[in-house]
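Inside the fold
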Amino acid sequence: MKAIDIIHNPFKNKGTAFTKEERKKLGLIGTLPSDVQTIEQQAKRVYDQYKIRPDGMQKRKFLMEVFNTNRTLFYYVLSHHIEELLPIVYDPVIAPAIEQYSEIFMLPQEAAFLSIDDTDEIEESLKNAADGRDIRLIVVTDAEGILGIGDWGTNGVNISVGKLMIYTAAAGIDPSQVLPVSLDVGTNNETLLNDPLYLGLKHKRVTGEKYYDMVDKFVKSARKLFPEVYIHFEDFGRDNATKILDKYRNDIPVFNDDVQGTGIVCLAGVLGALEISGQKLTDQKFLTFGAGTAGMGIANLLFKELKLQGLSDEEARKHFYLVDKQGLLFEDTEGLTPEQKPFVRKRSEFENSEELTDLEAIIKAVKPSVMIGTSTTPGAFTEGAIRAMAANTERPIIFPISNPTKLIEAMPNDLLKWTDGRALIATGIPVQATEYKGVNYEIGQANNALIYPGVGLGVLAAKAKLVSDEMISAAAHSLGGLVDTTKPGAAVLPPVKQIHTFTQTVAKAVCETAIKQGLADDSVKDAEAAIKAIKWEAKY
Ligand SMILES: NC(=O)c1ccc[n+]([C@@H]2O[C@H](COP(=O)([O-])OP(=O)(O)OC[C@H]3O[C@@H](n4cnc5c(N)ncnc54)[C@H](O)[C@@H]3O)[C@@H](O)[C@H]2O)c1
Ligand SMILES: O=C(O)C[C@H](O)C(=O)O
Ligand SMILES: [Mn+2]
């Protein structure tokens, strides 16, 4: 290999840290400045440069340069400053980076770009992008529902890249074993279609059979080329997310982060909140505001949990109230999705069912104790609605988790004010602790990023054949007991700064459950040892 190929390969490059011996052996003599640096010195240089960049996007662009040049150094810096850098490489700054992808494009970041216009090239494309690497984990998106910002076509590849960064920084997944994938099926985003710089296919989204055939071809080619690969689906549209998950989940290890990852982090958050309030899950009434991919993923996981706690199917269903664009969802509501149908209510339960299209009126009629917002509607949790909720519930559990920041249903400081400090809150984006009447309230981050890296590490360590409901439930429960709930203002979830530790906890729970269920590879007997064996560290 030529010197230039080594220095320009982010998996191999060590930059100024190549030792004298390595420089000699690799033909790098004279291609670098003389001083040989340690990774600590390089990291200081990177971090100092990062600090002087003026805003989130500039900081992100700078970090992407490091990512493009030297993966080990990038992950060293990212994992040492995870709390500070997470919002830059991931949500919320990832949102404008996706919107501007075509304009600021520099390098394809070793992603695989699959085109619906050339489906016979899918296998070849995956192979080229992997470039001989042993791929164990794929994050794939068709970008129809990027966060809450909608359809971003091939620009959405950034979410695959960003989610994978967190896998490595939080859980120690080997970055040379991952592959971001963009399924380019076209876009319905007019801004992109009219943008001469747009880098994706310039036609409307292909749907129906042709679309599902492409997804299938991708899944089959990926499993053929990389027989153990675990496939994480991200930000597919509402009509496809659960459908695709259900198609594959009984055969191969797959995960839909918006459905399952969000379900796990919200269940963990609700359990954390109930630890603080001292209440029981089976006594709660759940209102999901936004009954789409994430909202139904959350409702379904809470529903399964109620059943695990002894409730019958029928009893458990009674605990749920779904609200979507149409208002409270009833049996006769037009446009129900297959996921929503099992959870709808009867009009006869309410005297004023016709009026239940407005959140405040719904809250007054339903009296929920838990409300989770995945509606992509900023400010939807109004003062009136929240005061109405607080009037019926001592410790209302309120999670406005729509992303990015501009779409959040309410900000924690308002929720605390409107409930006189009684609300138990978690948000999707990171929010600083906030003071109210002398108490410092820590705000838990109910973002699936707290969960999916640990789930993935557990699945990969187990070499799991499938991702079962039991593994999902074990992940949600494993976060319990990590927060000191006796402290006034305690968060409902553990803080991001502890992500390295609790990711291990989640991974162990997932891997142990796989072993117990006979879903792990026969060679895997001890979860902790299996996790340790695959953990990658950012060092030369
Ligand atoms: N924090 C997390 O970990 C996390 C995870 C997944 C999704 N999310 C966020 O949740 C939001 C939704 O994501 P999704 O994947 O479920 O999208 P989705 O499109 O599948 O679902 C959104 C739902 O909200 C409904 N909706 C729109 N306007 C509404 C209104 N005014 N009132 C009530 N409902 C309304 C839509 O009809 C749809 O059913 C996004 O902002 C996303 O960023 C957060
Ligand atoms: O990406 C995130 O921040 C969480 C989630 O997957 C989302 O779609 O909003
Ligand atoms: Mn998502």
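Residues numbered from 1 in each chain as written. Chains lettered and ligands numbered in written order. Predicted model: local features only at pLDDT ≥ 70, side-chain atom pairs only at ≥ 80, totals over all residues. Heavy atoms only, no water.

All right, on to the domain arrangement of the protein then. Annotation of the protein at the domain level lists domain 1 (3–89), domain 2 (94–252), domain 3 (260–447) and domain 4 (452–534). Just the C-alpha atoms count here: the centres of domain 2 and domain 4 sit 26 Å apart. Listed as interface residues are 18 residues of domain 2 and, on the opposing side, 18 residues of domain 4. A combined buried area of about 1,400 Å² lies between domain 2 and domain 4, and 62% of that area is made up of carbon and sulfur atoms. The largest share of the area that domain 2 buries against domain 4 comes from Ala170, Tyr230 and Arg249, three residues that together contribute 37% of it. One can count two salt bridges joining domain 2 with domain 4. As a salt-bridge pair, aspartate 469 and arginine 249 come within 2.8 Å of each other at their nearest N and O atoms. For the pair domain 2 and domain 4, the number of links is three residue pairs in polar contact (both at pLDDT 80 or more). Sorting elements by how many residues they give to the side of domain 2 that touches domain 4 places helix α10 (residues 157–171) first, with seven residues. Looking at the side of domain 2 that touches domain 4, its residues break down into nine nonpolar, four polar and five charged. (Domains from an automatic or database assignment. Contact = heavy atoms within 4.5 Å. Buried area = accessible area lost by both parts, 1.4 Å probe. Salt bridge = Lys/Arg side-chain N within 4 Å of Asp/Glu carboxyl O. Polar contact = N/O pair within 3.5 Å; in protein donor to acceptor, adjacent residues only side chain to side chain. Helix = DSSP H or I, 4+ residues; strand = E, 2+ residues; numbered from the N terminus. Nonpolar A, V, L, I, M, F, W, Y, C, P; charged D, E, K, R; others polar.)

Once that is clear, we can look at the coordination of the manganese ion (ligand 3). Every protein donor of the manganese ion (ligand 3) is accounted for by Glu234 (OE), Asp235 (OD) and Asp258 (OD), and the metal-donor separations fall at 2.1 Å. Considered as a linear motif, the donors of the manganese ion (ligand 3) on their single chain read E-D-x22-D. With aspartate 235 in the loop between β4 (230–234) and α13 (241–248) and aspartate 258 in helix α14 (residues 257–277), this residue pair connects regions lying 23 residues apart in the sequence. (Donors = N, O, S within 2.8 Å, 3.2 Å for Na, K, Ca; no water.)

Estimates place the volume of the largest pocket at around 940 Å³. Along the wall of the largest pocket there are 39 residues; nearest its centre are Leu147, Gly148, Thr293, Thr374 and Thr376. At the level of elements, α14 and α15 (293–308) are the ones that each hand at least two residues to the lining of the largest pocket. Sorting elements by how many residues they give to the lining of the largest pocket places α15 first, with three residues. Looking at the lining of the largest pocket, its residues break down into nine nonpolar, 20 polar and ten charged. The residues that make up the lining of the largest pocket include at least three from each of domain 2 (94–252) and domain 3 (260–447). Here the second largest pocket defines a volume of roughly 620 Å³. Those elements that provide at least two residues to the lining of the second largest pocket are α6 (82–89) and β14 (444–445). Considering only residue class, the lining of the second largest pocket consists of 14 nonpolar, four polar and five charged. (1 Å grid on protein atoms, 1.4 Å probe; cavity = no way out; pocket = protein on both sides within 12 Å on 5 of 7 lines; lining within 4 Å. Points joined across faces, edges and corners; volume = space filled by probe spheres on them.)

Take the sheet that holds strand β2 (residues 137–141) next. Spatially, five strands are ordered β1-β3-β2-β4-β5 in an open sheet, and the strand pairing comes out parallel. Each edge of the sheet is formed by a strand with only one pairing partner; in this case those strands are β1 (112–115) and β5 (254–256). This sheet shows a mean twist of 20° between the axes of neighbouring strands, independent of strand direction. Where β2 and strand β3 (residues 178–184) come together, five bridges link them in parallel fashion. Its bridge partner being in β3, threonine 141 is matched across the sheet by serine 182. The strands that helix α12 (residues 208–225) touches are β1, β2, β3 and β4; relative to β3, the one it contacts most, it runs at about 160°. Helix α20 (residues 452–462) rests against β2, β4 and β5 of the sheet, and its axis sits at about 160° to β4. (Pairing = 2+ DSSP bridges. Axes fitted to C-alpha atoms, helices over the stretch in contact; angles between N-to-C directions.)

What follows covers the pattern of salt bridges. Opposite charge on two side chains lets them pair, provided their charged atoms get close. Applying the stated criterion across every chain, the model contains 31 salt bridges. Across the salt bridge formed by arginine 345 and glutamate 349, the nearest N and O atoms sit 2.7 Å from each other. On the basis of relative accessibility, which here comes to 39%, the residue glutamate 349 falls in the partly exposed class. Close ionic contact of glutamate 383 with arginine 387 constitutes a salt bridge, the shortest N to O distance being 2.9 Å. Of this pair, glutamate 383 and arginine 387 both sit in helix α18 (residues 383–392), four residues apart, which is roughly one turn of the helix. Connected through salt bridges with shared partners, the residues Asp134, Arg136, Glu228 and Lys463 form a single ionic network. (Buried < 20%, exposed > 50% of the residue type's maximum accessible area, 1.4 Å probe, protein only.)

Our next topic: the sheet that holds strand β10 (residues 397–400). If you trace the seven strands from one edge of the open sheet to the other, you get β8-β7-β6-β9-β10-β11-β14, paired in mixed fashion. Unpaired on one side and paired on the other, β8 (327–328) and β14 mark the two borders of the sheet. Against the sheet, α14 engages β6 (286–289), β9 (370–373), β10, β11 (424–427) and β14, with an angle of about 150° to β10.

Below, the discussion takes up helix α4 (residues 56–69). Given a rise of 1.5 Å per residue, 14 residues ought to cover 20 Å, and the 20 Å separating the end C-alpha atoms of α4 matches this to within 8%. Buried residues along α4 sit against α3 (39–52), α5 (71–80), α6, α7 (94–99), α8 (101–104) and α10. The opening residue of α4 is aspartate 55, an N-cap whose side-chain oxygen sits 3.3 Å from the backbone nitrogen of methionine 57. (Expected span 1.5 Å × (residues − 1).)

Bringing the site of ligand 2 into the picture now. Contacts to ligand 2 come from Tyr90, Asp91, Leu147, Lys163, Glu234, Asp235, Asp257, Asp258, Asn403, Asn447 and Asn448. A distance of 2.9 Å is found between an oxygen atom of ligand 2 and a side-chain nitrogen or oxygen belonging to asparagine 403. Asparagine 448 has a polar side-chain atom sitting 3.0 Å from an oxygen atom of ligand 2. Structurally, ligand 2 is housed in the largest pocket. Here the residues of the shell around ligand 2 are counted per class, giving two nonpolar, three polar and six charged. (Near = heavy atom within 4 Å. Sits in = over half its atoms within 2 Å of the grid points.)

Turning to the UniProt feature "active site" (unreviewed entry) in the protein, a few remarks are in order. As recorded in UniProt, the feature "active site" (unreviewed entry) lies at Tyr90 and Lys163. Spatial clustering of the annotated residues is evident: they stretch over 74 residues in sequence, but the largest pairwise C-alpha distance comes to 7.3 Å. Residues from the named set that contribute to the lining of the largest pocket are Tyr90 and Lys163. On the basis of relative accessible area, tyrosine 90 is assigned to the buried category, the value being 2%. Not counting chain neighbours up to four residues away, the residues in contact with tyrosine 90 comprise Arg60, Gly162, Lys163, Ile166, Asn447, Asn448, Ala449 and Tyr452. Position of lysine 163 relative to the elements: it lies in helix α10. On the basis of relative accessible area, lysine 163 is assigned to the buried category, the value being 2%. Sequence-distant contacts of lysine 163, that is, excluding residues within four places in its chain, are made with Tyr90, Val139, His232, Glu234, Asp257, Asn448 and Tyr452. (UniProt positions renumbered as here; feature names shortened; annotations may be inferred.)

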